[in-house]
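Summary of the model geometry
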Amino acid sequence: MSGPGFWRELADHWLATLRALSRDAGILLILVGAPVLYGFFYPWPYAHQAVTRVSVAVVDLDRSGLSRQITRFASASPRIDVRWVGGNEEDARQALWRGEIEGYAVLPRELKRSVVRGTPAVVGVHANGAYALLNKAVLYGFAEAVGTVSAGVEIRKLEARGQPALQAQASRSPVNLQMVPLFNPTEGYGDYVVPAVALLILQQTLLMGSAMLAGTLAEAGRLRAGAAAWAGRVLALCGVGWLSGLFYFGWVFLIEDFPRGANPGGALVLLLAYIPAVCLAGLALGRWFGDRERALQVLLFTALPMAFLSGFSWPVEAMPTALQWLRWLIPSTAGIQASLRLNQMGASLGDVMPLIGWLLALAVPAALLAAGRGRDRALRT
């Protein structure tokens, strides 16, 4: 198996597969065109990751100095943009339904009197919960404005009782909270979703391209071949996949300024294991489907389920037990988890070695299923 004839046959089939891929417009579009297009256009909608200046309204039923102060602080918040201030909650509700604003705050009657008397006062905030990021900006923006004004009122009360300004501030907030967003310092949606989806894009394009190649060979009666021929085919597909992986981990993440580079050496090792596992899985599926069109039709609709099963967009613990086990049969599950730890969290190669080992383990049965038994005539060049 390791003689000169084996390596010569491997090289012949490697070159023949590359020529076959370059001449097949459908496979070439999926393996080369799709990753490039996705690399530029998928991150584009997330260029402005942090949601700022969300349109809101204030329903001021108190019309006191305190309510006007809360409105001024809300207007100064970078999260929200107070478009109008009125005295009718129904007008604000109608504006929310029409999409003119994304939320509003209701400053109740006798707000200032309640604060002066020391009785509880509640400011209601209503936000558009259909959009999580907009809802978060509205709630946080009004919460910060009301909290700042409330803290100032409490400090003035303490100063009126004889406490110095510094002591009053310390009494108002004896324990301060400092929030540090690890691994996503901008708290942007793009930094959260794109690095994970990049691995899924690589998987889907390679699965479809490999399955289409296997289907094409099956239709021509040239699928069965020896070990050297299969090794050449797999290396040709892996070469395209490795270049696509370097394109994402290097150029796309760099130009879009996504979290990257915490462990570049480990990321390269991950690609060395992830790409063959995906290509072999695609060849095995293509052999099972038996023709190229069926492979494309079936695999085209599997991206979304695989994204959920990978565990980055939905808590794994919330999945049914059966899915928690079955999801590990998909290479993207281990690949995405390892990539996020290496590229964003700075994990060592040893920390993700079980995941890389699992990818290599998945490649073994996939290779056996793809190659099958017997030997067919050589791939035409």
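Before going into details, it helps to say that this report is about the structure given with it. (Residues numbered from 1 in each chain as written. Predicted model: local features only at pLDDT ≥ 70, side-chain atom pairs only at ≥ 80, totals over all residues. Heavy atoms only, no water.)

1. Topic: the pattern of salt bridges
For the structure on display, the rule yields eight salt bridges. Measuring nitrogen to oxygen at the nearest pair gives 3.3 Å for the salt bridge that ties Glu 89 to Arg 93. Remark: Arg 93 and Glu 89 occur in helix H4 (residues 89-98); sequence separation between them is four residues, near one turn of the helix. Between Arg 113 and Glu 110 there is a salt bridge, with the nearest N and O atoms lying 3.7 Å from each other. (Salt bridge = Lys/Arg side-chain N within 4 Å of Asp/Glu carboxyl O. Helix = DSSP H or I, 4+ residues; strand = E, 2+ residues; numbered from the N terminus.)

2. Overview of the nonpolar core
Tyr 248, Tyr 274 and Phe 312 are the most contacted members of the largest nonpolar core, which totals 70 residues. Of all the secondary structure elements, the ones that give two or more residues to this core are helix H2 (25-41), helix H8 (189-219), helix H9 (227-255), helix H10 (264-289), helix H11 (292-299), helix H12 (303-309), helix H14 (331-343) and helix H15 (349-371). Broken down by element, the residue count for this core peaks at 17 residues, all from H8. With near-sequence residues (within four places) excluded, Tyr 274 lies in contact with Leu 199, Leu 202, Gln 203, Pro 331, Ser 332, Gly 335 and Leu 359. One finds Val 82, Leu 107, Ala 137 and Val 138 within the second-largest nonpolar core, a separate group that totals 17 residues. (Core = buried A, V, L, I, M, F, W, Y, C linked by side-chain atoms within 4.5 Å. Buried < 20%, exposed > 50% of the residue type's maximum accessible area, 1.4 Å probe, protein only. Contact = heavy atoms within 4.5 Å.)

3. Some points on the environment of Leu 360
Within the secondary structure, Leu 360 sits in helix H15. The class for Leu 360 is partly exposed, based on a relative accessible area of 48%. Expressed as a C-alpha distance, the spacing of Leu 360 and Ala 273, which sit 87 residues apart in the sequence, is 6.1 Å.

4. Digging into H2
The sharpest bend along H2 comes to roughly 40°, located at Gly 33, with the proline Pro 35 sitting one to four residues further on. Of all the residues in H2, the buried ones are Ile 27, Ile 30, Leu 31, Ala 34, Pro 35 and Gly 39. Of the residues flanking the start of H2, the one acting as N-cap is Asp 24, its side-chain oxygen 3.1 Å from the backbone nitrogen of Gly 26. (Bend = angle between axes of the 7 residues up to and from the residue. Polar contact = N/O pair within 3.5 Å; in protein donor to acceptor, adjacent residues only side chain to side chain.)

5. A short note on helix H3 (residues 65-76)
In this model, H3 (12 residues) spans 17 Å end to end at C-alpha, consistent with the 16 Å of a helix rising 1.5 Å per residue. Residues Leu 66, Ser 67, Gln 69, Ile 70, Thr 71 and Ala 74 constitute the buried set of H3. (Expected span 1.5 Å × (residues − 1).)

6. A few points about the packing of helix H1 (residues 4-23) against H9
Contact geometry of H1 with H9 gives a least axis separation of 7 Å together with a crossing angle of 45°. The orientation of H1 with respect to H9, classified from their angle, is oblique. Between H1 and H9 lies a crossing of right-handed hand. From H1, Phe 6, Glu 9, Leu 10, His 13, Trp 14, Thr 17, Leu 18 and Leu 21 reach across to H9, where they touch Ala 227, Ala 228, Ala 229, Ala 231, Gly 232, Arg 233, Leu 235, Ala 236 and Leu 237. For the contact of H1 with H9, the per-class residue count stands at 12 nonpolar, three polar and two charged. (Axes fitted to C-alpha atoms, helices over the stretch in contact; angles between N-to-C directions. Parallel < 35°, antiparallel > 145°, perpendicular 65-115°, else oblique. Left-handed = near helix turned anticlockwise from the far one by under 90°. Nonpolar A, V, L, I, M, F, W, Y, C, P; charged D, E, K, R; others polar.)

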